[in-house]
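Structural overview
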Amino acid sequence: MDEQVVKLARETVARYRELTEELSDPAIFNDQRRYAEVAREHARMRRGAELSERFLEALREEREARELIPTAESAEEREFFAEEAREAGRRAGELAEEIRSELIDRDPNDDKDVILEIRAGAGGDEAALFAGDLYEMYARYADRLGFRHRVLDSSPAEVGGYKEIIVEIEGDGAYSVFKHEGGTHRVQRVPKTESQGRIHTSTATVAVLPEAEEVEVEINPNDLEIDVYRSSGPGGQSVNTTDSAVRITHKPTGLVVTCQNEKSQLQNKEQALRILRSRLLEREMRERREREGQMRLAQFGSGDRSAKIRTYNFPQGRITDHRVGLTVHNLEAVLGGELEEFTKALAAKERADRLAAEAAGSPG
């Protein structure tokens, strides 16, 4: 049996019990930040701890059965104990693989809520309409999975759709579901405004950010420059008579976040800070990967038609994901939120890439 998995299982069970004891201590409620931190870790570790307990129990059963074999008084009894040991060993082996997947190979951000930033790329009005289609697709997928979603900020286009829309999706494992959607999406279709019936190619870009908690990313108020102004709608017209829109500039990084969807300045400021924290967390994750030698292109890329992760071809009713070579011919169903086939294929590719990196001795 893999000693790494045995050691990890023991440590996981011990840590989970420590957290359970801490949560049962009434004193923890005096520190709400600590309580939130412990409760989040406790929930995240629950499945791993349950698997670890079952794994360690299977190992105990295997050991006890093997110890009984020499004491058997007949061949039948010896075979019985040997089969008991083999069965417990098989169960332990299966659980070891689950533990490896859950605790070793798992992305630590998988359990987080997620923020999607969708922007129109190349293609003018058609790109904005496509950005709106992508938003609707993700909202319907979230509904299918029982996740909650809401728009944090948006810049509607005059023709429909969005120049930019930022949406939060809340649910257990939301990041694990949507994390592979980041990149440039390409659409090929005849625009409604095209009288000649020619197929146009347009793009929209998607960035996927794990939502950061306040305890994960602390922001120094002195590092922020906060401006307020009146909200505006399509075409720039004012939609609010008060200065409720908020623009926050994070001076150390130059990141700028604007929010104007809420009616109050305070609500827009809170939303902007949530987006900023998530962008800072994603930036930190990217820098860490780059330091480890895993260079990658930024999710937004250039938005150019040639840089693409997925193509949506309306005339042929097909969608192709270029990363896994998967093509389906149910475009309308996918746009209606049926994305499970792509999610499973991309998750399988992620696992395969990690195993390959592990076999090659590189960081996964």
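Small disclaimer: the values here were computed from a predicted structure and weren't measured.

Brief notes about the environment of Arg274
- In this fold, Arg274 is placed in helix H6 (residues 265-291).
- Considered as a pair, Arg274 and Glu168 are 106 residues apart in the sequence and their alpha carbons are 9.9 Å apart.
- When neighbours within four sequence positions are excluded, Arg274 is seen to be in contact with Ile115, Arg150, Glu168, Glu170 and Glu211.

Thoughts on the pairing of strand E2 (residues 148-156)
- Bridge analysis of E2 against strand E3 (residues 162-170) gives 8 bridges, and the strand direction is antiparallel. Its bridge partner being in E3, Pro156 is matched across the sheet by Tyr162.
- Here E2 hands over to E3 after 5 residues, with Gly160 in that stretch at a positive phi of 115 degrees.

A word on the pattern of salt bridges
- This structure, assessed with the given rule, holds 32 salt bridges.
- Glu79 is the partner of Arg86 in a salt bridge, and the nearest nitrogen-oxygen pair spans 2.6 Å.
- For Arg86, a relative accessible area of 34% translates into the label partly exposed.
- Exposure remark for Glu79: the relative accessible area of 43% places this residue in the partly exposed category.

So, the sheet that holds strand E5 (residues 200-210)
- The strand order across the open sheet formed by 8 strands is E2-E3-E1-E5-E4-E9-E10-E11, and the pairing between neighbours is mixed. The strands lining the two open edges of the sheet, one partner per strand, are E2 and strand E11 (326-328). The sheet shows a mean angle of 15 degrees between the axes of neighbouring strands, direction not considered.
- Relative to E3, strand E1 (residues 114-120) runs antiparallel, the two sharing 6 bridges. Bridge pairing links Glu117 to Ile166 in E3.
- Strands in contact with helix H4 (residues 125-144) are E1, E2, E3, strand E4 (183-189), E5 and strand E9 (310-313); relative to E5, the strand with the most contacts, it is inclined by about 45 degrees.

Topic: the pairing of E9
- What you see with E9 is no split at all: Arg310 and Tyr312 on one side and Thr311 and Asn313 on the other are buried throughout.
- One ladder, built from 4 bridges, connects E4 with E9; its direction is parallel. Paired with Gln188 across the strands is Asn313, a residue of E9.
- Pairing of E9 with strand E10 (residues 318-321) involves 4 bridges; the strand directions are antiparallel.

Quick word on H4
- Taking 1.5 Å of rise per residue, 20 residues should cover 28 Å, and H4 covers 29 Å from first to last C-alpha, within 8% of that figure.
- Just downstream of H4, Gly146 is the residue with a positive phi angle, here 80 degrees.

Some thoughts on the sheet that holds strand E6 (residues 224-229)
- The antiparallel open sheet is built from 3 strands, whose spatial order is E6-E7-E8. Each having just a single partner strand, E6 and strand E8 (255-259) make up the two edges of the open sheet. Each neighbouring strand pair of the sheet contributes to a mean axis angle of 15 degrees, computed without reference to strand direction.
- Pairing analysis gives 6 bridges linking E6 to strand E7 (residues 245-250), with the strands arranged antiparallel. Each bridged residue has a counterpart across the sheet, and for Ile226 the counterpart in E7 is Ile248.

Brief notes about the side chain of Asn313
- Inspection of the secondary structure puts Asn313 in strand E9.
- Here Gln188 takes part through its side chain, which lies 2.8 Å from a polar atom of the side chain of Asn313.

Some thoughts on the nonpolar core
- Ranked by internal contacts, the top residues of the largest apolar core, which has 52 residues, are Leu134, Tyr138, Phe178 and Tyr312.
- Apart from the residues within four sequence positions on either side, Leu134 is in contact with Ile118, His185, Ala204, Val206 and Tyr312.

Thoughts on the side chain of Arg318
- Note on placement: Arg318 falls in strand E10.
- The buried charged residue Arg318 lacks any salt bridge partner; its closest oppositely charged side chain belongs to Asp321, at an N-O distance of 12 Å.
- At a separation of 2.7 Å, a polar atom in the side chain of Arg318 contacts the side chain of Gln316.
- Setting aside residues no more than four positions away along its own chain, Arg318 makes contact with Thr311, Tyr312, Asn313, Thr327, Val328, His329 and Leu331.

Points about the packing of aromatic side chains
- Under the criterion given, the structure shown has 6 aromatic pairs.
- Taken together, Tyr138, Tyr141 and Phe178 form an aromatic cluster joined through their ring pairs.
- The positively charged end of Arg189 is found above the aromatic ring belonging to Phe314, 4.7 Å away from the centroid.
- Looking at Arg310, its charged tip hangs above the ring of Phe342, at a distance of 4.7 Å from the centre.

Examining the environment of Ile199
- You can see Ile199 is positioned in the loop between E4 and E5.
- Separated by 114 residues in the primary sequence, Ile199 and Asn313 place their C-alpha atoms 9.6 Å from one another.
- Sequence-distant contacts of Ile199, defined by excluding residues within four places in its chain, comprise Gln188, Arg189, Val190 and Pro315.

How each quantity is defined
- Residues numbered from 1 in each chain as written.
- Predicted model: local features only at pLDDT ≥ 70, side-chain atom pairs only at ≥ 80, totals over all residues.
- Heavy atoms only, no water.
- Helix = DSSP H or I, 4+ residues; strand = E, 2+ residues; numbered from the N terminus.
- Contact = heavy atoms within 4.5 Å.
- Pairing = 2+ DSSP bridges.
- Salt bridge = Lys/Arg side-chain N within 4 Å of Asp/Glu carboxyl O.
- Buried < 20%, exposed > 50% of the residue type's maximum accessible area, 1.4 Å probe, protein only.
- Axes fitted to C-alpha atoms, helices over the stretch in contact; angles between N-to-C directions.
- Expected span 1.5 Å × (residues − 1).
- Polar contact = N/O pair within 3.5 Å; in protein donor to acceptor, adjacent residues only side chain to side chain.
- Core = buried A, V, L, I, M, F, W, Y, C linked by side-chain atoms within 4.5 Å.
- Lys, Arg positive; Asp, Glu negative; His and termini not counted.
- Phe/Tyr/Trp six-rings, centres within 6.5 Å; stacked < 30°, edge-to-face > 60°.
- Lys NZ or Arg CZ within 6 Å of the ring centre and 35° of its normal.

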